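Working through the structure, step by step
Chain by chain, the residues:
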Amino acid sequence: MTALHRFSSRLQPLDRTFLEDRLQGAVAYRRIAGYFRSSILELVGESLSTIPTIQVVCNSDLDPQDWQVSRRAREAALLDRWQEADPALEAALYRPQYRRLYELLRQGNLQIRVVPAQQLFLHGKAGVIESTTGHKTCFLGSVNESKRAFSTNYELLWEDPTPEGVAWVEAEFAALWEMGIPLPEVIIEQIHRIGDRQEVKLIDLAPPDLPAASLAESPLYRRGETLQPWQRDFVALFLEHRETYDQVRLLLADEVGVGKTLSLATAALVANLLGDGSVLILCPAPLTLQWQTELLDKLAIPSVVWMSQGKYWQDAQGHIIRTRGVEDIARCPVQIAIVSTGLIIQQSPECEVLLSRRYGTVILDEAHRARRRRGIGQKAGQPNHLLDFMQQIAQRSRHVLLGTATPIQTQVYELWDLLGILNQGAGFVLGTYSRWQIWENTLPIVKGEQFPPTAREMWEWLQNPLPPAKEHPIFSAIRLQLGLDDKEYRVSTGFASLPCFIQTRLEVELPAASEFLYHHNPIVRHTVVRRRRTLEEKGLLERVGVIVHPQPDAPLGTYGDVPFMGVGLMANYTFERAYAAAEEFSHALGQRTRAAGFLKTILLQRLCSSFAAGRITATKILNHQSLDEDSELAPATSILSDPTPAEQQALEQVIAELERPEARDPKHAAVLAFLTQPLTDAQPWLEYGCIIFSQFYDTVTAVATALTQALPTELIAVYAGVGKSGLWQGGQFTSVDREAIKDGVKHDRIRLVIATDAACEGLNLQTLGTLINVDLPWNPSRLEQRLGRIKRFGQRRPTVEMLNLVYHHTLDEKIYEALSRRMKDRYDIFGSLPDTLEDEWIDNIEELEDLMDKYLHLRQEARNAFELRYERHVSDDPDQWRNCARVLARQDILNVLSQPW
C-alpha cells in the first residue's frame, strides 16, 4: 500500500489533481469539515451529485449549555448563525449554489450534522472517500469544504490510503457524527428560500401576503426567532377585521410573557404599509424607550419618542430632532410615534394638539390604566383623563388596538369600559344604543346563565350589532336576504318583517340560545386572550416549572443559617424600632391629610425593601428632597414637603436606628447564601445564573455594593434606568449601556444581574435559571412580569427557582402570606391575582384575603364568559412567514416608514 501523499495548492490545483479524481465513481464520501455555514454553502460541485452517500459533520460556535436546551431554542440559535450574511447579497451572488445545495439535501444523498463549540475542529479537517471497488482513502489538511478552497486558496493536504489511516479518520468521524444533530429543517428551508428569493413591490402584494413579505428578513427572523403562532394569528385577525369592517377594533389581553408587544407592533406595521395612515403608540413613560428598542431590534422599524420634558422627538439612536414647541407633537418626523401616557394623565398641553389630527392606528399599551375614577367625591365613577382621552382619539382613528394583561382589575365593568373605547367611531363593536353596552344585563347572556325566551328577543340581541356573514351561516343568510354588507351593523328591520325562513332559523336556534350567544357576541368578538397554560397544553410553549422559596411549612434549618420564620426573614431589634417609627410616621401622615393615599405607606414600603432604602427615604423626606425615583409620585410628593413635628420625630428615629453599627441588613446575607451555597439544589444559584429584583434603586445599589465586596471576582450587572446601569467588579463600578448588559447575559458573560423593575419589560433572561425578589411590590402583575424574564422560551432549566424576601412581623409579610396561599400552581403562579392591591385593601389588612377572594370571584366570572374565545384555536403549522421567498426590500419598507406625518 502506498504511503502518505502530500499535496500543495502552490504546486498543483487540488480540485483537479486530487478531489475530482478521487470522487469520480465514489460511492461514499465522509467529511469532517469546519464551521458549518462556510463548510456546506459551496458543497455543490457537480461531482457530488452522483455519489450515493455524502456525510458531512461540521461545528458551530454554540455553547455546550445552549446545546442542552430545547430543540426549538437550539435550532433558533443555529439559524441565527446561518443568517448572519445579508440575504439580498447572498441571493445575488450565490443563487445557483443555494439551489444545488437544496437539491442535494432534498435528494437525501447529502446528510449534514452539526456539533457544539466544545468540539472545535476548525483546523482538524479530514475526510474518507470510498470507491466502487471498496477501496478507501483518507485525507487531512487545512482545506475547507468549498470549491474555492480546493481551487483558489493556498492549502496543504495529506492523503493516507493505508487501512490504519482510514480506520483512524473513520473512528474520529463516527464519534463526531454520533454527538452531532442533523442540520435543522429550518435551515434547509432557508437555503431553499434564498435560492428562490424575489424582491417585490408593495403594489404586488395582497394584504394577507404582506406580513410574511415584510418580516421574513427582519432582524427577528434573521436571528432565528419568529413570531409565535398566536402572534401571527392576531395579525391575521387584524387583517380579517380590516377586510370585514374597513376598521379594526381589538382588545389584546394575553397574559404576561406571551408577547403582546410584537403582536401589536406587527399589526401596526402592516397597517402602515397598506397605506392606512400614521401610527401613534401610547404607553407608560418607562416603556416608551423599550417599545422603541423592540421595534428597531426585532422589526427594523424606525420610530421616535416624544420627550415631554424637552418638547422634542428622539430617534432610536438617541438623536434629538428639534421642534418649535408643543405644537410639533402633531408633526412627527416618521410614521410611528411613541408618546407617554403620563403626558395625558397630567393633562399636558400636547393632549389637545394630539386630538387635533387623525390617525391610521392608535395603540394603547397597559390599557387598564384607562379607567373610571375610584374612591368618593364628585368625580368618583367618572372617566379618568386617560379614559376620556382615548374615547376622543378613538373617534379620530381608523384602527384602535388596546393591550393589557389585566382587562379586569376589580370590577367586571372595566372590561366594558375598554370595549367602549373601541366602540367610539366604530359602532360595529358594541352597537349603537344597544343592549350589549349595559354590562349588568349582558354578562348573564354572555356567560350562558340567561338566554332570550323568544326568537323575537333573540333577534333584538343580534340585530345591533349584526355579526359579520362569515361568523355563522345564519348571519350570512340574514345579510343576503336584507341586502346588507358586513360594514352595515345596525339593522332596523323588526322580527315580524324578517323573511319567514329567517324567523324559522331563529326559532330553531332558540333551544340552544344560551350556547349560541356564548359563541356569537360582540364582547368576545373583539377581545383576544391567550393564557400561558393553554399554550403550554397545546405544546406551543414549553412548560417551565417554578419552585418558590421559602416554603411556608419548611422546617427550621431547611435553608441553612438563613433565619426564616415561616415566609419572613428575622431581623434585629434596630429594624424593629425603625419599623415601629415608620408606622408612627405613616399613621401621622394619614391623620393629617386624606389626600395622602398610598403616600402614607411609602416609607413602610421602602423600609420593607431594605435598610438602605428606608434610611435614604426618611432622610429625603426630612430634608425636603424629591422622591423622583417613581414618576407617579411627582404630583403628590408636595404633601411630604412639610412634615409635622410628630412626623419629623418619627423620621429622625428611623434614621437613627438604621445608622447604628449593628443595623446589618439580613437580606444581604440571605442573598449571598443562596448564591454561593447549595441550599435548594446540588449547585448554588450563581452556577445557574441569577437575576435579583427590587423596586427601588437605593436597594439595588446597596445589594450590588454588598455582593461586589463578598464576590470580588464576579462581574455583577446593574440594570436600571437611563444613566444608572453598569457593571460592578472588585468594588469598582463602570457605567455601561443596558444593551451591553443584555448582550453579556445572552452570551453567558454575565451571570448575576441586579435590576429595578425597569427590566421587567423587553428583557429576555432565559440564560439565567434563578430569581431573587429582594422586595415584593404590592402589585402581583409586576411579580409575574419579573418571573417572566426567566420563565420563557429557551429556558435551560425545566424548573426555575424563585426566592422572595420579606422581613418577619411586617406589613410586607402579611401581604405576602395572603398572596402565597394563592401561589400553589407551579405553572401559573400569579395569573389570577389582581393587577394592583387597592389602597383600601392595605388599610384593611385583616380582610385582605376576603377582598382578594371577592376579586378572584369577579375575575373568574369574566374568565368563564370568555374562555372559549380567549383560547382561540392556534395551530403550530409550518411558519410560512419565515420561508417567504417573495419579499419586500428593506429599503422599500424604510422609505414608507420614514415619511413624516
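Cut-offs applied
Residues numbered from 1 in each chain as written. Predicted model: local features only at pLDDT ≥ 70, side-chain atom pairs only at ≥ 80, totals over all residues. Heavy atoms only, no water. Helix = DSSP H or I, 4+ residues; strand = E, 2+ residues; numbered from the N terminus. Buried < 20%, exposed > 50% of the residue type's maximum accessible area, 1.4 Å probe, protein only. Contact = heavy atoms within 4.5 Å. Pairing = 2+ DSSP bridges. Polar contact = N/O pair within 3.5 Å; in protein donor to acceptor, adjacent residues only side chain to side chain. Core = buried A, V, L, I, M, F, W, Y, C linked by side-chain atoms within 4.5 Å. Expected span 1.5 Å × (residues − 1). Axes fitted to C-alpha atoms, helices over the stretch in contact; angles between N-to-C directions. Parallel < 35°, antiparallel > 145°, perpendicular 65-115°, else oblique. Left-handed = near helix turned anticlockwise from the far one by under 90°. Nonpolar A, V, L, I, M, F, W, Y, C, P; charged D, E, K, R; others polar.

Within the protein, the secondary structure is distributed over 37 helices and 29 strands. Every one of the 901 residues in the protein was classed for burial, and the buried ones make up 57%. Taking the contacts inside the protein whose residues are at least 6 apart along the sequence as the reference set, 75% of them involve residues at least 24 apart.

This next bit is on the sheet that holds strand β13 (residues 312–315). Pairing is mixed in the open sheet, where nine strands are placed in the order β14-β13-β12-β15-β11-β16-β17-β10-β18. With partners counted over all chains shown, the strands left at the sheet margins are β14 (320–321) and β18 (527–528), one partner each. Pairing of β13 with β14, which is carried by two bridges, proceeds in the antiparallel orientation. Bridged to tryptophan 313 within β14 is isoleucine 321.

Attention now moves to the environment of leucine 466. Note on placement: leucine 466 falls in the loop between α19 (455–462) and α20 (473–482). According to the relative accessible area criterion, leucine 466 is buried, its value standing at 3%. For the pair formed by leucine 466 and aspartate 486, sequence separation is 20 residues and the distance between their alpha carbons is 8.5 Å. When sequence neighbours within four positions are dropped, the list of residues in contact with leucine 466 reads Trp459, Phe475, Ile478, Arg479, Leu484, Tyr489 and Val491.

The next thing to look at is the pairing of strand β28 (residues 799–804). Extensive coverage of β28 is indicated by the burial of five of its six residues. Taken together, the five bridges between strand β19 (residues 545–549) and β28 define a ladder with parallel strand orientation. Paired with valine 548 across the bridge in β28 is methionine 802. Where strand β27 (residues 770–773) and β28 come together, four bridges link them in parallel fashion. When the bridges of β28 are listed, threonine 770 appears paired with glutamate 801.

Turning our eyes to something else, we now look at the environment of leucine 387. One can find leucine 387 in helix α16 (residues 385–394). Along the sequence, leucine 387 and aspartate 417 sit 30 residues apart, while their C-alpha atoms lie 8.3 Å from each other.

By secondary structure assignment, the location of threonine 442 is in helix α18 (residues 439–447). At 3.1 Å, the side chain of threonine 442 forms a polar contact with the backbone oxygen of arginine 435. A polar atom in the side chain of threonine 442 sits 2.8 Å from the backbone oxygen of isoleucine 438. In this structure, threonine 442 is in contact with Trp416, Arg435, Trp436, Gln437, Trp461 and Ile523, ignoring residues within four places of it in sequence.

Each neighbour pair has its own omega, and for asparagine 464 with proline 465 the value is 5°, a cis peptide bond. Relative to the helices and strands, proline 465 is located in the loop between α19 and α20. At the junction of histidine 549 and proline 550, the peptide bond is cis and its omega measures out at -5° in the coordinates. Turning to its location among the elements, proline 550 is positioned in the loop between β19 and β20 (564–565).

With 67 residues, the main nonpolar core has Met390 and Leu402 as its most contacted residues. Residues within four places of leucine 402 in sequence aside, it is in contact with Leu250, Leu251, Leu252, Leu364, Ala367, Met390, Leu418, Ile421 and Leu422. One finds Val200, Leu237, Cys884 and Leu897 within the second-largest nonpolar core, a separate group that totals 47 residues.

This brings us to the side chain of glutamine 335. Tracing the sequence through the fold places glutamine 335 in the loop between β14 and β15 (336–340). Reaching out from glutamine 335, the side chain makes a polar contact with the side chain of asparagine 272 at a distance of 2.8 Å. What glutamine 335 contacts, discounting residues up to four positions off in sequence, is Asn272, Gly277, Ser278, Val279, Val896, Leu897, Gln899, Pro900 and Trp901.

The terminal C-alpha atoms of helix α8 (residues 185–196) lie 17 Å apart, and with twelve residues this matches the ideal 16 Å at 1.5 Å per residue to within 8%. Among the residues of α8, Ile187, Ile188, Glu189, Gln190, Ile191, Arg193, Ile194 and Gly195 are the ones counted as buried.

Viewed as axis vectors pointing N to C, helix α29 (residues 666–676) and helix α31 (residues 697–710) meet at an angle of 50°, and their least axial separation amounts to 10 Å. Relative to α31, the element α29 lies oblique. The handedness of the crossing between α29 and α31 is right-handed. Touching His668, Val671, Leu672 and Leu675 of α29 are Ala702, Val703, Ala706, Leu707 and Ala710, all from α31. Classifying every residue of the contact of α29 with α31 by side-chain character gives eight nonpolar, one polar and no charged.

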